Amino acid sequence: MIEQGGFISKDKEIKKREKPLTQAEFKEQLIDVGRLFYHDKHPFHVAMHEGKLSREQIQGWVANRYYYQKSVPIKDAVILSKLPSREFRRDWIQRITDHDGRNEGEGGIEAWLKLGEAVGLSREELLEEDHIVPGVRFSVDAYVNFVQEKTWIEAVASSLTELFSPDLISNRIQVLEDLYPWINHSGLGYFHNRLTQAPRDTNIALKIVMDYCQTPEEQQRAIDALRFKCDVLWAQLDAIEHAFPH
Ligand SMILES: O=C(O)c1cc(C(=O)O)c2c(n1)C(=O)C(=O)c1cc(C(=O)O)[nH]c1-2
């Protein structure tokens, strides 16, 4: 099904389909994209989970991913502005509050700054963005541009990588606690919070995508959007790995 170089030959068949996939087939296709292309399989994550990353590599990852963290609520604000109903907006706005917080000292970005401190980086270092490498900036910006340029439903579909994040993140918490004893474990709150936030968010997003993608073309565009997002996550790790080699 997957060819080396990243082509799913199955996709070509779907593009030619005249009938839409059933709901079950459509969901299976989405899950397949994650199974094949999600960043849990990236060599940098694999090395992290084997306890093989140095302090500098962990710090490089945390400092660079700060750029993703700070950009996520911006892309969600773009999606919010495009959603077609107040019911959808009521749900989606929660994502922005989760990251930005309602008050000073709250929210996911704040929690990420605390993670920075837990791995030995000052808040200032993260906020100044001195360690962010071009490939990370480019890939994250590509995600924000994608949701700006594409239809609202493709933008929603691109968030579905989070279907796959709870397994990765719960393993990551265990790994960071067990294999990196120099990290201050009280700084891992960000990841604990995502374990409830991500499933809640993806239940909503998946239902919207399943309900609204009815034609073969709409279904294919959602699958492609999810594949694009996997590439965004993968490209970030490529850039981090290159800047902080094993
Ligand atoms: O640590 C991870 O592996 C990971 C992955 C993802 C993802 O799969 O997109 C997100 C996050 N974390 C995350 O923390 C987060 O807030 C988030 C928001 C989104 C999104 O696309 O809206 N993905 C992710």
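What counts as what
- Residues numbered from 1 in each chain as written.
- Predicted model: local features only at pLDDT ≥ 70, side-chain atom pairs only at ≥ 80, totals over all residues.
- Heavy atoms only, no water.
- Salt bridge = Lys/Arg side-chain N within 4 Å of Asp/Glu carboxyl O.
- Helix = DSSP H or I, 4+ residues; strand = E, 2+ residues; numbered from the N terminus.
- Axes fitted to C-alpha atoms, helices over the stretch in contact; angles between N-to-C directions.
- Parallel < 35°, antiparallel > 145°, perpendicular 65-115°, else oblique.
- Left-handed = near helix turned anticlockwise from the far one by under 90°.
- Contact = heavy atoms within 4.5 Å.
- Nonpolar A, V, L, I, M, F, W, Y, C, P; charged D, E, K, R; others polar.
- UniProt positions renumbered as here; feature names shortened; annotations may be inferred.
- 1 Å grid on protein atoms, 1.4 Å probe; cavity = no way out; pocket = protein on both sides within 12 Å on 5 of 7 lines; lining within 4 Å.
- Points joined across faces, edges and corners; volume = space filled by probe spheres on them.

### Focus: the pattern of salt bridges
Here is step 1 of the chain: One pass over the full model with this rule turns up 14 salt bridges.
Here is step 2 of the chain: A salt bridge links E162 to R194, with the shortest nitrogen-to-oxygen separation between them at 2.7 Å. With E162 in the loop between α9 (152–158) and α10 (165–179) and R194 in helix α11 (residues 189–212), this residue pair connects regions lying 32 residues apart in the sequence.
Here is step 3 of the chain: Measuring nitrogen to oxygen at the nearest pair gives 3.2 Å for the salt bridge that ties D231 to R227. Placement of the pair is D231 and R227 together in helix α12 (residues 216–243), with a separation of four residues, close to one helical turn.

### Concerning the packing of helix α2 (residues 23–37) against α11
Here is step 1 of the chain: For the pair α2 and α11, interaxial distance at closest approach is 11 Å and the crossing angle is 130 degrees. If you check the angle between α2 and α11, you find them oblique. For α2 against α11, the interelement crossing comes out right-handed. On the side of α2, the interface is formed by Q23, F26, K27 and L30, while α11 contributes L206, V209 and M210.
Here is step 2 of the chain: Counted by class, the contact of α2 with α11 contains five nonpolar, one polar and one charged residues.

### Digging into the UniProt feature "domain: Thiaminase-2/PQQC" (unreviewed entry) in the protein
Here is step 1 of the chain: What UniProt calls "domain: Thiaminase-2/PQQC" (unreviewed entry) maps, in this numbering, to residues 37–238.
Here is step 2 of the chain: End-to-end, the C-alpha atoms of residues 37–238 are 13 Å apart, and along that stretch the chain is 76% helix and 0% strand.

### Description of empty space enclosed by the protein
Empty space left among the atoms is revealed by rolling a probe the size of a water molecule over them.
Here is step 1 of the chain: Considering all chains together, one arrives at three cavities of 30 Å³ or more under this definition.
Here is step 2 of the chain: By volume, the largest cavity is sized at about 270 Å³.
Here is step 3 of the chain: Taken together, 23 residues make up the lining of the largest cavity; nearest its centre are R65, Y68, E162, Y190 and R194.
Here is step 4 of the chain: Only α4 (55–82), α5 (86–100), α10, α11 and α12 provide two or more residues apiece to the lining of the largest cavity.
Here is step 5 of the chain: Classifying every residue of the lining of the largest cavity gives eight nonpolar, six polar and nine charged.
Here is step 6 of the chain: The set of elements that each furnish at least two residues to the lining of the second largest cavity consists of α4 and α12.
Here is step 7 of the chain: When the residues that make up the lining of the second largest cavity are grouped by side-chain class, the tally is four nonpolar, three polar and one charged.

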